[in-house]
Amino acid sequence: MEKISLKSNLSVLEEKVLNWDSVQGSFEKSFGTEIYSSWLKHISLIKEYNDHVILGVKTRFFRDWITSRYADKILSELRKHKLSINRIEFKIDPENLNNKPTFGSPNLNKVSDIKSSVLNYNRLNPSLNFENFIVGKSNNLSFLSAKKTCAQLSRYNPLFIYGGVGLGKTHLLNAIGLELSKNSKVMFISAERFMYQFIKSIKKNEMVSFKDFFRKANVFIIDDIQFIRGKEGLQEEFFHTFNTLFEQSSQIVISSDRPPNKLDRVQDRIKSRLSGGLVIDIGSPDYDLKLKILRKKISDYQNSFKENPDLQEEVIDYIAKYSNSNIRELIGVFNRVVAFGKMSKKPLSVNDCKIILKDIYNSNKVVSIDKIQTVTSNFFSISLSDMLSPRRSRPLARPRQMAMYLAKKLTPRSLPEIGRKFANRDHTTVIHAVKTIEKLIENNDELKKNVEELKSLILSD
Ligand code: ADP
Ligand code: MG
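Residues numbered from 1 in each chain as written. Chains lettered and ligands numbered in written order. Predicted model: local features only at pLDDT ≥ 70, side-chain atom pairs only at ≥ 80, totals over all residues. Heavy atoms only, no water.

A. Geometry of helix H14 (residues 327-344). A rise of 1.5 Å per residue sets the reference length of H14, with its 18 residues, at 26 Å; its end C-alpha atoms lie 26 Å apart and thus fit the reference within 8%. Summarising the contacts, the buried residues of H14 are in contact with helix H4 (60-81), helix H12 (287-305), helix H13 (313-322) and helix H15 (350-357). A distance of 2.8 Å separates the backbone nitrogen of Arg328 from a side-chain oxygen at the start of H14, and that oxygen is part of Asn326. Looking one or two residues beyond H14, the residue adopting positive phi is Lys345, at roughly 60°. (Helix = DSSP H or I, 4+ residues; strand = E, 2+ residues; numbered from the N terminus. Expected span 1.5 Å × (residues − 1). Contact = heavy atoms within 4.5 Å. Polar contact = N/O pair within 3.5 Å; in protein donor to acceptor, adjacent residues only side chain to side chain.)

Here's what the structure looks like:
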């Protein structure tokens, strides 16, 4: 992504480049030696960009385990070394494990690599395909329409798939991309990436090539379109891209966390385009689907590790029942239980599982509103009494709202209880604060960063 010429390798070194050894050092400190040496130590730095890094891990299992448990904390550790990083990607890279990172190292080969990285966001993940997409009641229709779209281009145009997080939208879109890339020019991008590229092109005066680039796709797949909410300039560009593609009969596939008519702060003309093809929702998995996915995970495990994950039937059943209706979390739970089973060297009982899973969603972490208030006021260098005071100036009101928001998200306290803790405010004030921050998080990266940092400060130690 970065503009790098052969000569500028040295200037790259002047950028703040992560020193992986010292990052590893801080991992060890903050995670403790045991977790560090079982997991974190084995992560390599593959590539460093200004705003994100690509980390290498040996296996999928490793990746899933690390992402489900440590991703947030890894990110916040990395940000201590380089504040501009706001995202981590993991790459399964058994070969490259001990290689040096490419960014900033004087390796000429990488130059073309980075230059051509305009295509990088078009990466399709070969492991998210139709074959390993498990079908159940909740996702059958979206699966069938995805297949149908591949078999008969432009039949449903656009195909619009929506549903909550972790239900398989990206998986399905990726599968469509893989299938169609055999014969068509496929462009697969998240709305967020699209915006990033858009802004970069404006800055670099490259709008013409930006337009060309996206408009020459026969198949245009855009993930998480809700990201364009409230972003006028981006909507404008998206609208034109959409129309051009549509007119030239390119297939368009879109995912979203909500249906088109619920996309508030999106232009009506866009909403109407989005609903003009087939709109289909992907629902939460029921027990049967969760069970099927677990069975598939078990057989994947057997195939990759040539050993059995040793889960008793009642444990599998318990996970299928207990886990939330989110497939990503289900997989996280599975990984966790298997890993503990391996460590304890005896098959786990349902009771063991209950104990292991207790804190998976941080739910047994007791966070008090007092702590949230103290951390937040310290973070913004304001006094606690000012933060709780009735004064409405923004430098006080925003932190106050963030603290209320965090109290709602991180504690089981009710809205009136939270209100009382904030100098006896009404619960409607708390609702307003939560809504305000939720909205801001979507549009204001600075604020989002602050909230994330606060969260990790509050949840640490
Ligand atoms: P979303 O984009 O809806 O948030 P993802 O597509 O990223 O969700 O899915 C989350 C995780 O769950 C991914 O690892 C994905 O492969 C897996 N997953 C989701 N649905 C299925 C499914 N039906 N079969 C197998 N794996 C699935
Ligand atoms: Mg997704």
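B. How the structure looks around the site of ligand 1. What surrounds ligand 1 is a group of 16 residues, the closest being Ile134, Gly166, Lys169, Thr170 and His171. Between ligand 1 and Gly168, the relevant distance is 3.1 Å, taken from an oxygen atom to a main-chain nitrogen or oxygen of the residue. Alone, ligand 1 offers 550 Å² of accessible surface; in the complex the protein occludes 86% of this. For the shell around ligand 1, the secondary structure elements donating two or more residues are helix H7 (169-180) and H14. In terms of residue class, the shell around ligand 1 is made up of seven nonpolar, seven polar and two charged. (Near = heavy atom within 4 Å. Areas by Shrake-Rupley, 256 points an atom, 1.4 Å probe, with all protein chains shown as cover. Nonpolar A, V, L, I, M, F, W, Y, C, P; charged D, E, K, R; others polar.)

C. Molecular detail of the nonpolar core. One finds Leu40, Ile43, Leu55, Ile66, Ile74, Leu78 and Val337 to be the most contacted residues of the largest nonpolar core, which totals 50 residues. Counting residues per element, the ones that place at least two in this core are helix H2 (20-31), strand E2 (52-57), H4, strand E3 (87-92), H12, H13, H14 and H15. Each of two domains, domain 1 (2-99) and domain 3 (287-361), supplies a minimum of three residues to this core. Setting aside anything within four residues of it in sequence, one finds Leu55 in contact with Trp20, Ile43, Ser44, Leu45, Ile46, Ile74, Ile88, Glu89, Phe90 and Lys91. Within the second largest apolar cluster, 28 residues are counted, among which are Ile189, Ala217, Phe239 and Ile270. (Core = buried A, V, L, I, M, F, W, Y, C linked by side-chain atoms within 4.5 Å. Buried < 20%, exposed > 50% of the residue type's maximum accessible area, 1.4 Å probe, protein only. Domains from an automatic or database assignment.)

D. How the structure looks around the confidence of the model for the protein. Confidence along the protein averages 84 in pLDDT terms, with 88% of residues attaining 70 or more. Overall, residues 1-15 carries pLDDT values under 50, and its contacts beyond four positions in sequence, including any with other chains, amount to 31 contacts. (pLDDT = per-residue confidence, 0-100.)

E. The packing of helix H8 (residues 191-203) against helix H10 (residues 232-247), seen in detail. The interhelical angle for the contact between H8 and H10, taken along N-to-C directions, is 100°, at an axis separation of 11 Å. By the angle class used here, H8 and H10 are roughly perpendicular. Here Phe194, Met195 and Phe198 of H8 come into contact with H10, specifically with Gly233, Leu234, Glu237, Phe238 and Thr241. The residue inventory of the contact of H8 with H10, partitioned by class, reads five nonpolar, two polar and one charged. (Axes fitted to C-alpha atoms, helices over the stretch in contact; angles between N-to-C directions. Parallel < 35°, antiparallel > 145°, perpendicular 65-115°, else oblique.)

F. Structural detail: the pairing of strand E7 (residues 251-256). Of all six residues in E7, six are buried; the element is thus mostly enclosed. Alternating positions in E7 separate into two faces, Gln251, Val253 and Ser255 on one and Ile252, Ile254 and Ser256 on the other, with burial throughout. Where strand E4 (residues 159-162) lies against E7, four bridges are found, and the strand directions are parallel. Bridge assignment links Leu159 to a residue of E7, and that residue is Val253. Strand direction decides the pairing type here: strand E6 (residues 219-223) and E7, joined by four bridges, are parallel. Pairing of Ile222 across the sheet is with Ile254, part of E7. With respect to chirality, the unit in which E6 leads through H10 into the neighbouring parallel E7 is right-handed. (Pairing = 2+ DSSP bridges. Right-handed = clockwise from strand over helix to strand, strands pointing away.)

G. Structural detail: the packing of helix H16 (residues 369-379) against helix H21 (residues 445-459). Relative to each other, H16 and H21 sit at 130°, their axes nearing to 10 Å. Judged on the interaxial angle alone, H21 and H16 are oblique. Every pair of crossing elements has a handedness; the one defined by H16 and H21 is right-handed. Where H16 approaches H21, its residues Lys371, Ile372, Val375, Thr376 and Phe379 are matched on the opposing element by Asn450, Glu453, Leu454, Leu457 and Ile458. For the contact of H16 with H21, the per-class residue count stands at six nonpolar, two polar and two charged. (Left-handed = near helix turned anticlockwise from the far one by under 90°.)

H. Layout of the packing of aromatic side chains. Overall, the coordinates contain 18 aromatic pairs when judged by the stated rule. Measuring from ring centre to ring centre gives 5.7 Å for Phe133 and Phe143, while their planes differ by 0°; the resulting arrangement is stacked. A residue pair is termed long-range when its members are at least 10 positions apart, and Phe133 in the loop between helix H5 (109-115) and helix H6 (140-151) and Phe143 in helix H6 qualify at 10 residues. With respect to burial, Phe133 and Phe143 carry one shared label: buried. By the ring-pair criterion, three or more aromatic residues cluster together here, those being Phe194, Phe198, Phe210, Phe213, Phe214, Phe220, Phe238, Phe242 and Phe246. Cation over ring: Lys73 sits above Phe31, and NZ or CZ is 4.7 Å from the ring centre. Lys231 extends its terminal NZ or CZ atom over the ring of Phe227, reaching a point 4.0 Å from the ring centre. (Phe/Tyr/Trp six-rings, centres within 6.5 Å; stacked < 30°, edge-to-face > 60°. Lys NZ or Arg CZ within 6 Å of the ring centre and 35° of its normal.)

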